[in-house]
Amino acid sequence: NAGVTQTPKFRILKIGQSMTLQCTQDMNHNYMYWYRQDPGMGLKLIYYSVGAGITDKGEVPNGYNVSRSTTEDFPLRLELAAPSQTSVYFCATSHHEQYFGPGTRLTVT
Amino acid sequence: GESVGLHLPTLSVQEGDNSIINCAYSNSASDYFIWYKQESGKGPQFIIDIRSNMDKRQGQRVTVLLNKTVKHLSLQIAATQPGDSAVYFCAVLGGGSQGNLIFGKGTKLSVKP
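All of the points below concern the structure found in this document.

Definitions and limits used
- Residues numbered from 1 in each chain as written.
- Chains lettered and ligands numbered in written order.
- Predicted model: local features only at pLDDT ≥ 70, side-chain atom pairs only at ≥ 80, totals over all residues.
- Heavy atoms only, no water.
- Contact = heavy atoms within 4.5 Å.
- Buried area = accessible area lost by both parts, 1.4 Å probe.
- Salt bridge = Lys/Arg side-chain N within 4 Å of Asp/Glu carboxyl O.
- Polar contact = N/O pair within 3.5 Å; in protein donor to acceptor, adjacent residues only side chain to side chain.
- Helix = DSSP H or I, 4+ residues; strand = E, 2+ residues; numbered from the N terminus.
- Nonpolar A, V, L, I, M, F, W, Y, C, P; charged D, E, K, R; others polar.
- Buried < 20%, exposed > 50% of the residue type's maximum accessible area, 1.4 Å probe, protein only.
- Disulfide = S-S within 2.5 Å.
- Pairing = 2+ DSSP bridges.
- Axes fitted to C-alpha atoms, helices over the stretch in contact; angles between N-to-C directions.

### What about the interface of chain B and chain A?
Frequently, the measure chosen for interface size is the accessible area removed from exposure when the parts meet.
At step 1: Each side of the interface is counted separately: chain B has 17 residues, and chain A has 19 residues.
At step 2: In total, chain B and chain A occlude about 1400 Å² of area from one another, counting both sides; carbon and sulfur atoms represent 54% of this.
At step 3: Here chain B is connected to chain A by 0 salt bridges.
At step 4: Counting every contact that joins chain B to chain A gives 2 residue pairs in polar contact (both at pLDDT 80 or more).
At step 5: Mapped by element, the contributors of at least two residues to the side of chain B that touches chain A are strand E4 (32-38) and strand E10 (101-103) of chain B.
At step 6: The element contributing the most residues to the side of chain B that touches chain A is E4(B), with 3 residues.
At step 7: Grouping the constituent residues of the side of chain B that touches chain A by class yields 7 nonpolar, 8 polar and 2 charged.

Below you can see the structure in the form of structure tokens.
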């Protein structure tokens, strides 16, 4: 039982490049979330999903897109990377409390 | 909208002492509160939660207190150990939706041996 896994662990992007952050869970949870965490700050919700085929915007969705074609996977897409998207990204799932993945550290230069 | 703030960004305690980390929230309608622990380089880890119909909940060495009158939440750690060193976040469920969890900025707890 791996819980919540995220890939990659680290990535450096050039401005304007695109990438997909992967998140997979094996806990059969319906709810999944993407957060970003800037240095010295708490987590801010980017997008969330209450089940396969359903996604909703969180507090800071601009510059990101998500999809939820299966219960297990919830990828986060950056289409045109900007320096302001330099952050650590956490995926989470929940049944009651939220379980977090180990994070992806992204730098955009 | 909801906002969540922590009273102290850092807290240093002696090993064996009790630690108290405080948090304030703005929305009196908030009904679910969670404390998370985040160790360096890792994702947040659930510690304990409490619903608004309770004012105290205890776990193993941890207690969460909720004062709805002043919209204040605290986490008490008994007999603090070096392994407790981490950043602690309170989070509040806002808007009645499970997708709308609002995090505070965190308190960094350092335990001196």
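### Thoughts on the environment of A:Arg77
Residues and elements named next belong to chain A.
At step 1: Following the sequence through the fold, arginine 77 ends up in strand E8 (residues 76-78).
At step 2: Since its relative accessible area comes to 30%, arginine 77 is described here as partly exposed.
At step 3: Along the sequence, arginine 77 and glutamine 37 sit 40 residues apart, while their C-alpha atoms lie 17 Å from each other.
At step 4: Aside from chain neighbours lying at most four places away, what touches arginine 77 is Ser18, Met19, Thr20, Gly63, Tyr64 and Asn65.

### Some thoughts on the state of the cysteines
At step 1: The final tally for this structure, using the stated rule, is 2 disulfides over all chains.
At step 2: The disulfide that involves A:Cys23 links it to A:Cys91, with 1.8 Å between the sulfurs. Torsion about the S-S bond of the A:Cys23 and A:Cys91 cystine: about -70 degrees, corresponding to left-handed handedness. Placement of A:Cys23 in strand E3 (residues 19-25) and of A:Cys91 in strand E9 (residues 87-94) is noted, with a sequence separation of 68 residues between them. With respect to burial, A:Cys23 and A:Cys91 carry one shared label: buried.
At step 3: The side chain of B:Cys23 participates in a disulfide bridge whose partner is B:Cys90; the two sulfur atoms lie 1.7 Å from each other.

### Remarks on the sheet that holds strand E7 (residues 64-66) of chain A
All names here are of chain A.
At step 1: Across the sheet, which stays open at both edges, the 4 strands sit in the order E1-E3-E8-E7 with antiparallel pairing between neighbours. The open sheet has two free edges, formed respectively by strand E1 (4-7) and E7, since each of these has just one partner strand. Within the sheet, the average angular offset between the axes of one strand and its neighbour, ignoring direction, is 20 degrees.
At step 2: With 3 bridges joining them, E7 and E8 adopt antiparallel strand pairing. Bridge pairing links tyrosine 64 to leucine 78 in E8.

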